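Chains, contacts and geometry: an overview
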Amino acid sequence: MMTPLFEQVTIPSGHSWGLLWRELETIPFIWHYHPQFELTLTVNARGQRYIGDHLGDFEPGDLVLVGPNLPHTWSAHERIDSVQPMLAVVVWFAHEWITQLAAFPELRSLRQLAARAGPALHFSPATSARCAERLLQLQALPAPQRLPLLLDVLLMLAEDGKAQALASMAQTAINIDSQQKRMEKVFDYMHAHFRDEIALETLAQQAALSLGAFHRFFKRHASCTPGAYLTRLRIGRACQQLIESELSIAVIAQEAGYRNLAHFNRQFLAAKRVTPRVFRRQYRHG
């Protein structure tokens, strides 16, 4: 298996955990890891999952909790309902977060859940179905109402005696060296300011490197140029807005950081192989 990419998971300001609602035509193979736990529910998709040294097939309703720093990815090209997109509901939370919760006597089972999830846990069909009902409600709820629902899900997962470990072992803690700390600082800055015009000199300053050294450093760690990564952030934001909002394409382009609509349309077409208008229409069937 190839070397996994480090993924910078950004928890939104004012939140203690992260929620990602991904509607996709296909689920691409992106072999990666991050220090957060990841709970993933997959809907309307059939394919393969790769977690540590595990390779297995998954069906719609698949629910897995991946431990920290364990390399993983899902890959799927088959939609069960061809009219609807594939959906991945992803929840991220830190080890410290679940440890703090487990300090309450009523939630002590979460400590055991965290320990069992090191090599990733695949949950039984009955538990997965019960949890899916709740996870699919998260997106529509205000942030304060999401937390009790997530706690309900985690407690149900902790009680699932039929959950199966997927990888042969958990990933040992990864020592965060100075280079990774530099990369995290650069990623954090880019995620916070992707709508702005970011000078390469500014990013190089974040990493405390010369401009030439920063180019080599970024490409080695991110497997792409800073410009390509910035484009990925902007197009990703535009996709989210096209799916979730009724804003005009011009407004979405500007909100994603594009000052020129034609440039946005060209970059979107290059990244998604469809125009923004067609992309939005694909998610409005039925």
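Summarised in this report is the structure supplied together with it. (Residues numbered from 1 in each chain as written. Predicted model: local features only at pLDDT ≥ 70, side-chain atom pairs only at ≥ 80, totals over all residues. Heavy atoms only, no water.)

1. A closer look at the overall build of the chain
Threshold: Counting from the N terminus, the helices are the DSSP runs of H or I reaching at least four residues and the strands are the DSSP runs of E reaching at least two. Exposure is judged per residue with a 1.4 Å probe applied to protein chains only, and the accessible area is read against the type maximum: over 50% gives exposed, under 20% gives buried, and values in between give partly exposed. The criterion used for residue contact is that any of the two residues' heavy atoms lie within 4.5 Å. All accessibility values rest on the Shrake-Rupley procedure with a 1.4 Å probe; residue burial counts only the protein chains present in the view. We treat Lys and Arg as the positive residues and Asp and Glu as the negative residues; His and chain ends play no part in the count. To locate a charge, take NZ of a lysine, CZ of an arginine, CG of an aspartate or CD of a glutamate.
For the chain, the count of helices and strands is 11 helices and 11 strands. In terms of its C-alpha atoms, the chain occupies a principal-axis envelope of roughly 55 × 50 × 40 Å. Out of the 286 residues belonging to the chain, those deemed buried represent 43%. Relative to all contacts within the chain whose residues are 6 or more apart in sequence, the contacts with residues 24 or more apart total 71%. Summed over its atoms, the accessible surface of the chain is roughly 14700 Å², and 54% of this surface lies on carbon and sulfur atoms. Separation of charge centres in the chain, based on 29 positive and 25 negative side chains, amounts to 6 Å.

2. Some words on the pairing of strand 8 (residues 72-78)
Worth spelling out the cut-off: Two strands qualify as a pair provided DSSP detects at least 2 bridges between them.
Most of strand 8 is tucked away: five of the seven residues are buried. Bridging between strand 5 (residues 46-51) and strand 8 involves six bridges; their strand directions are antiparallel. Bridge pairing in strand 8 links Ile 51 to His 72.

3. Observations concerning unusual backbone geometry
If you check the backbone angles, Asn 44 has positive phi at about 60° while not being a glycine. Examined against the element boundaries, Asn 44 turns out to sit in the loop between strand 4 (37-43) and strand 5. In the Ramachandran plot, Ala 120 falls in the positive-phi region, its phi being about 80° despite a non-glycine side chain. Turning to its location among the elements, Ala 120 is positioned in the loop between helix 2 (109-116) and strand 10 (121-122).

4. So, the side chain of Thr 40
Residue position: Thr 40 is located in strand 4. Apart from the residues within four sequence positions on either side, Thr 40 is in contact with Asp 62, Leu 63, Val 64, Trp 74, Val 89 and Val 90.

5. What to know about the environment of Leu 113
Locating Leu 113 in the fold gives a position in helix 2. Among the residues examined, Leu 113 registers a relative accessible area of 1% and is labelled buried. In sequence terms Leu 113 and Glu 38 are 75 residues apart; their C-alpha atoms lie 13 Å from each other. Apart from residues lying up to four places away in sequence, Leu 113 is in contact with Leu 65, Leu 121, Phe 123, Leu 154, Leu 157 and Ala 158.

6. With respect to the nonpolar core
Burial of nonpolar side chains together is a common tendency in soluble globular proteins. Heads up, the rule is: Put simply, a nonpolar core is a bunch of buried Ala, Val, Leu, Ile, Met, Phe, Trp, Tyr and Cys residues held in one set by side-chain atoms that sit within 4.5 Å of each other.
In terms of nonpolar packing, the biggest core is built from 34 residues, with Leu 39, Phe 93, Leu 113, Phe 123, Leu 135 and Leu 157 touching the most fellow members. Counting residues per element, the ones that place at least two in this core are strand 4, strand 7 (62-66), strand 9 (86-93), helix 1 (95-102), helix 2, helix 3 (125-135) and helix 4 (143-158). A per-element tally of this core places helix 4 first, with eight residues. Excluding residues within four positions of it along the chain, Leu 39 makes contact with Leu 63, Val 64, Leu 65, Val 89, Val 90, Val 91, Phe 123, Leu 135, Val 153 and Leu 157. If you look at the next biggest cluster of nonpolar residues, it comprises 19 residues, including Met 183, Met 190, Ala 222 and Tyr 229.

7. Points about the pattern of salt bridges
As a reminder of what qualifies: Criterion for a salt bridge: a side-chain nitrogen of Lys or Arg within 4 Å of a carboxyl oxygen of Asp or Glu.
Counted according to the given criterion, the structure contains six salt bridges. Taking the shortest distance from any N to any O, the salt bridge between Arg 46 and Glu 78 comes out at 2.8 Å. Residue Arg 46 is found in strand 5, and its partner Glu 78 is found in strand 8; the two are separated by 32 residues along the sequence. The partly exposed category is assigned to Glu 78, whose relative accessible area is 39%. One salt bridge in this structure joins Arg 195 and Glu 255, with 3.1 Å as the shortest N-O distance.

8. Details of helix 2
In plain terms, the rule: Along the arc lie the directions from the helix axis toward the C-beta atoms.
Within helix 2 the residues assigned to the buried category are Leu 110, Leu 113 and Ala 114. In a view along the axis of helix 2, the buried residues occupy a sector of 100°, so they form one face of it. Exposed residues pointing more than 90 degrees away from the buried face of helix 2 are listed as Gln 112 and Ala 115. Residues of helix 2 that are buried make contact with strand 4, strand 7, helix 1, strand 10 and helix 4.

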